[in-house]
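Below are the chains, spelled out letter by letter.
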Amino acid sequence: MKPPYGRRPTQSGTTTQGTATPSSGANRGTNRGTTLQTGTARTSPVTAGAALKRNGSSPLAGSRTSIVTNAGTNGRHSGIGMTSARTRERLVQRLRDQGIANPVVLDQIRNVPRHLFVDEALATRAYEDTALPIGLGQTISQPYVVARMTEALIEGSAPRKVLEIGTGCGYQTAVLAPLVKFVYSIERISALLERARVRFKELNIRNVHLRHGDGFQGWTAHAPYDGILMAAAPLAIPEVLFTQLAPGGRLIAPVGPEGRQQLVRITRRAEGRGEELQVETLGLVSFVPLLKGLG
Ligand code: SAH
């Protein structure tokens, strides 16, 4: 089978497919947003561990800025009842149990007020580990998947400049932004983009640059990026994105047709270091498709 990654990558890491028991489907359902099909693995969803040393201590520890400190103190921000600190802590514990180990990432899951990114009617479900609808046929990503992708992106050393494709409601962006210097995020649906813009302002997130555009083209003006994170699944990763990835940079993306998507991490090796692209597979996922053109 032709690999979906454009160029000839070297395949390292192991797919969870080999070891996973068939998915129970419990997580798939209607919210196709970004469910990681854990198979065996509510406890250990990613068996690519050989290549993906779990990152217990983070290079960023101590340097994190909490975005909730800037978020105001009214009830909607600080959270009550189902959006309270205790509810968030339960989510953090759940992700920890599933293998998310990087404390910086867990802090972000704890601190980013996910309930502000969903419709008020869904706020009580905001700290469940599930994708939720955000309108216009799109979904907010599942916290586990956001945490997993963020962890995979910043492992070892955090990228400085990240291109995100598929801003959606901006939740993934908000989790990532305090951990890197700049996020450039593209969304094809302008109504979602504008909503995200309001959220970032409200939460005083200032290092995110937004663009209404088609992620298939990437964003040449600010390339190269140390990291690229795709929040929607292409059948094959657009070749142009590799040209926008800096040597040593990483691209995290779900790839493949509906029902058979793999989360991959592709590292562009520093120049002169063997095969140019190294691919690791991180598990089966279910994302909305990457669509061409503007919405
Ligand atoms: N991580 C986001 C969810 C993203 S859902 C969050 O936390 O909310 C995927 C998003 O990708 C959708 O908003 C969809 O409109 C967008 N998308 C799909 N194809 C795209 C493309 N070609 N360019 C930019 N955005 C795209």
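Below is a short write-up of the structure. Just so it is clear, the model here is predicted, and its values are computed rather than measured. (Residues numbered from 1 in each chain as written. Predicted model: local features only at pLDDT ≥ 70, side-chain atom pairs only at ≥ 80, totals over all residues.)

Let us look at the overall build of the chain. The secondary structure content of the chain amounts to 8 helices and 11 strands. Expressed as a percentage of the 295 residues in the chain, the buried residues total 46%. Counting only contacts in the chain whose residues sit at least 6 apart along the sequence, the fraction spanning at least 24 positions is 66%. (Helix = DSSP H or I, 4+ residues; strand = E, 2+ residues; numbered from the N terminus. Buried ≥ 20, exposed ≤ 12 C-beta atoms within 10 Å, placed from the backbone. Contact = placed C-beta atoms within 7 Å.)

Here we take up the pairing of strand S11 (residues 277–287). In terms of burial, S11 is largely enclosed, as 10 of its 11 residues are buried. Two strands pair when backbone bridges link them, and strand S10 (residues 261–268) and S11 are joined in this way by 8 bridges, in the antiparallel orientation. Counted as the bridge partner of leucine 263 is glycine 283 from S11. (Pairing = 2+ DSSP bridges.)

In the vicinity of the ligand there are 25 residues, among which Gly166, Gly168, Tyr171, Gln172 and Gly215 approach most closely. Among the elements of the structure, strand S4 (138–140), helix H6 (171–176) and strand S6 (182–187) are those that each provide at least two residues to the shell around the ligand. The element best represented in the shell around the ligand is S4, accounting for 3 residues. For the shell around the ligand, a count of residues per class yields 13 nonpolar, 9 polar and 3 charged. (Near = placed C-beta within 6 Å. Nonpolar A, V, L, I, M, F, W, Y, C, P; charged D, E, K, R; others polar.)

Examined bridge by bridge, S6 and strand S7 (residues 208–212) share 5 bridges and lie parallel to one another. By the bridge assignment for S7, valine 183 is matched with valine 208. Regarding the hand of the β-α-β motif, the stretch spanning S6, helix H7 (residues 190–202) and S7 is right-handed. (Right-handed = clockwise from strand over helix to strand, strands pointing away.)

Relative to the elements of secondary structure, asparagine 111 occurs in helix H4 (residues 103–111). We classify asparagine 111 as partly exposed; it has 19 C-beta atoms within 10 Å. Sequence separation between asparagine 111 and alanine 85 is 26 residues; the distance between their C-alpha atoms is 8.9 Å.

Here we take up helix H3 (residues 85–97). Taking 1.5 Å of rise per residue, the 13 residues of H3 would be expected to cover 18 Å, and the 18 Å separating its terminal C-alpha atoms lies within 8% of that figure. Within the sequence span of H3, burial applies to Arg88, Leu91, Val92 and Leu95. For H3, the buried positions fall inside an angular range of 100° around the axis, keeping them on one side. The exposed residues of H3 that point more than 90 degrees off its buried face are Arg86, Glu89, Gln93 and Asp97. Where H3 is buried, its residues touch H4 and helix H5 (143–154). Trailing H3 by a residue or two, glycine 99 shows a phi angle of about 110°, which is positive. (Expected span 1.5 Å × (residues − 1). Arc of directions from axis to C-beta.)

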